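# Overview (structure and organization)
The residues making up each chain are set out below.
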Amino acid sequence: MTDLQEFINQTTRLPTPPAIALKILEAVRSDEINFEELADIVMADPVLTAQVLKIANSSLYSLPKQVTSLSQATGLLGTQTLKNIALSFVIVDSFKDIPQGGFDLDLFWKRSISTAVSAKTLAKKTGIADEDIFITALLQDIGILIFFLVDAPAFTEMLDKNRITGKRFYEAEKDQFGFDHTELGSHLLKSWNLPETIYNPIRYHHTSETFDNQHGPAQLLNISDKISSIYHSSQSNKKFAEVHNSLAKNFGVEHEQIDELIDSIGEKAREVMGLFAVDPGEMKPFSQLMQEANDELRRLNFSYEQVVLELKQAKQTAEQLALNLKEANDKLRKLAFRDDLTGLYNHRYFQEILEAEIQRSIRYKHSVSLLLLDVDFFKRVNDTYGHPAGDHVLRQVSLKMAKLVRHCDIVARYGGEEFAIILPEIKKSGAKVLAQRIRRGIEQLELTINSQQLKITVSVGVSSTDDIEGVKDARPALISNADQALYTAKRNGRNRVEI
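All figures in this text were calculated on a predicted structure; none of them were measured in a lab. (Residues numbered from 1 in each chain as written. Predicted model: local features only at pLDDT ≥ 70, side-chain atom pairs only at ≥ 80, totals over all residues. Heavy atoms only, no water.)

Glancing now at the overall build of the chain. From N to C terminus, the chain includes 23 helices and seven strands. Put simply, the chain shows about 24200 Å² of open surface, and 49% of that area lies on carbon and sulfur atoms. (Helix = DSSP H or I, 4+ residues; strand = E, 2+ residues; numbered from the N terminus. Areas by Shrake-Rupley, 256 points an atom, 1.4 Å probe, with all protein chains shown as cover.)

Here it is in structure tokens:
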């Protein structure tokens, strides 16, 4: 197993693609699937069908006539394009209900959609025939999102360091993780068995100095990323100059045409964001961005020496602020996600993840189960051996639980000697089996305190969304059911599992 795969396997937060995504992925991999088979897959989801037809009728494709059916869309766009459009909607939708924490998910998808629209537009303008270019550009930065989902504390720490060092983003990622988001994203999409024409350009789209004729799509991704930055970052002027140079030098686009091209990309991007249910917010037209930049330049009335002095002072101030921010974030990072004593996720994080998993279970019609565990007679441990001994017991119980659960399960300290485990995509019967496995594992723990052997047991309450279908406030109901089951387990003699 590669380091990349091991990194991906650590996560408890990567969304599991719904069944329709798996079917479309299979269709994307297949060269033999016909239109009727693809139409059956897409039409199984009325919302997806409507989305596909809307984007087919958008200015992104500029079809000669209005299409009202998938057969029309396929006849005009082709089966491969239709597959990629459907898969694009499904993947974006799958990653919308994740807990965001300090990650701006809305900005991520605005940038991604702008990049995809730009790549599609540039491919047509430059004559590069690539039916996969839209979805490739849409997913070119998926590795950044995966970094955050797998290890949010390390990712935010990397961002803090990057503010101080000023390195390129992908270089900072390599320093922190040993690989960058292009490698991670490419590896993930390859593991999904997407075609090489999608994951290979993603792998190389930041290494612009190595581009040659065979990396045409990767070069388009690189330029499209810069165009997206014009609309969504504070470096519009710098990116604008780089885009002008790249398009003129590498693709022979006339300079006077480039401004119109970038402006049209912005208009199409705002339209396509609406189709993906992503709010474009205050995304300004390119012409307005350039006008504001020029107005700002005219307002500057400093001498060269004054500008240099102020830049130097500003740089020193920014570096000090970045250092202060890093120190503060280092202290807050653990508080945001982890319990200090056990190293498990804390109560706040548990509530956030549980709500997200319940919403995913409702959307994709699968189960989520919850275990609440309480250490039996824990007060007796504290009273007999002291609170340091009690802390040792809690740490050992936490370590044991973390080893016994699946990769996708979320273990948290609920409070005091009580713990919670979220079990995505597992029904009540399966949750009971896992609960018994955890109970027996803790019962078999061999703890020594003050040269004395100590046996620890837990009582476990199990609940599942199987029993609360249609309940308006599902999260409180799921917790309440597990809490009642836990009370029953303690009342019936402890060291047992109740549902």
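Next, the rest of the story.
To continue, consider helix α21 (residues 387-404). Because an α-helix packs 3.6 residues into every turn, residues spaced three or four apart end up facing the same way. Here α21 is 18 residues long and its end C-alpha atoms lie 26 Å apart, about the 26 Å a rise of 1.5 Å per residue gives. Every buried residue belonging to α21 is among A389, G390, V393, L394, V397, S398, M401 and L404, and all of these are buried. (Expected span 1.5 Å × (residues − 1). Buried < 20%, exposed > 50% of the residue type's maximum accessible area, 1.4 Å probe, protein only.)

On to helix α11 (residues 169-177), then. Listed in full, the buried residues belonging to α11 are Y170, A172, E173 and F177. Across the axial projection of α11, the buried residues extend over an arc of 155 degrees, all falling on one side. Residue G178 follows α11 closely and has a positive phi angle near 95 degrees. (Arc of directions from axis to C-beta.)

A separate point is unusual backbone geometry. Look at S62: it is not a glycine, yet its phi comes out positive at around 50 degrees. With respect to the helices and strands, the residue S62 is situated in the loop between α4 (46-56) and α5 (70-77). Backbone geometry at R494 places phi at a positive 65 degrees, although glycine is not the residue there. By secondary structure assignment, the location of R494 is in the loop between α23 (474-491) and β7 (497-498).

As a further point, take the pattern of salt bridges. Under the criterion given, the structure shown has 14 salt bridges. When the shortest N-O distance is used, the salt bridge between D383 and K379 registers 2.8 Å. Here K379 and D383 lie together in helix α20 (residues 378-385), a separation of four residues that amounts to about one turn. A residue is classified by how much of its surface remains accessible, and K379, at 59% relative accessible area, is exposed. One salt bridge connects E443 with R439, and the closest N-O pair in it is separated by 3.3 Å. Here E443 and its partner R439 are both found in helix α22 (residues 428-443), four residues apart, which amounts to about one turn of the helix. (Salt bridge = Lys/Arg side-chain N within 4 Å of Asp/Glu carboxyl O.)

Spatially, the five strands line up as an open sheet ordered β2-β3-β1-β6-β7, and their pairing is mixed. Whereas interior strands pair on both sides, the edge strands pair on one side only; in this sheet they are β2 (410-415) and β7. The pairing of strand β1 (residues 368-375) with strand β3 (residues 418-424) spans seven bridges and is classified as antiparallel. What sits directly across from S369, in β3, is L423. Here α22 sits on the sheet in contact with β1, β3, β6 (458-464) and β7, set at roughly 165 degrees to β6. (Pairing = 2+ DSSP bridges. Contact = heavy atoms within 4.5 Å. Axes fitted to C-alpha atoms, helices over the stretch in contact; angles between N-to-C directions.)

Where helix α3 (residues 35-43) contacts helix α6 (residues 79-94), the two axes come as close as 11 Å, and the packing angle between them is 15 degrees. In terms of axis orientation, α3 runs roughly parallel to α6. Considering how the two elements wind past one another, α3 and α6 form a crossing that is left-handed. In this structure, α3 contributes F35, L38 and V42 to the contact, and α6 contributes T79, L82, K83 and A86. Of the residues contributing to the contact of α3 with α6, the split by class is five nonpolar, one polar and one charged. (Parallel < 35°, antiparallel > 145°, perpendicular 65-115°, else oblique. Left-handed = near helix turned anticlockwise from the far one by under 90°. Nonpolar A, V, L, I, M, F, W, Y, C, P; charged D, E, K, R; others polar.)

With eight of eight residues buried, β1 is to be regarded as a mostly interior element. Covered by surrounding structure in β1 are V368, L370, L372 and D374 together with S369, L371, L373 and V375, the residues of both alternating faces. Pairing analysis gives seven bridges linking β1 to β6, with the strands arranged antiparallel. Following the sheet pairing, L370 is matched in β6 by S463.

What follows is about the pairing of β6. A regular strand places its side chains so that they alternate between the two faces of the sheet. Among the seven residues of β6, seven are classified as buried, and the element is accordingly described as predominantly covered. Here β6 pairs with β7 via two bridges, running parallel. When the sheet's bridge partners are listed, G461 is paired in β7 with E498. Taking the sense of rotation as the criterion, the β-α-β connection linking β6, α23 and β7 turns out left-handed. (Right-handed = clockwise from strand over helix to strand, strands pointing away.)

What follows covers the environment of P476. By secondary structure assignment, the location of P476 is in helix α23. Given the relative accessible area of 44%, P476 is considered partly exposed. Separated by 125 residues in the primary sequence, P476 and Q351 have C-alpha atoms spaced 9.8 Å apart.

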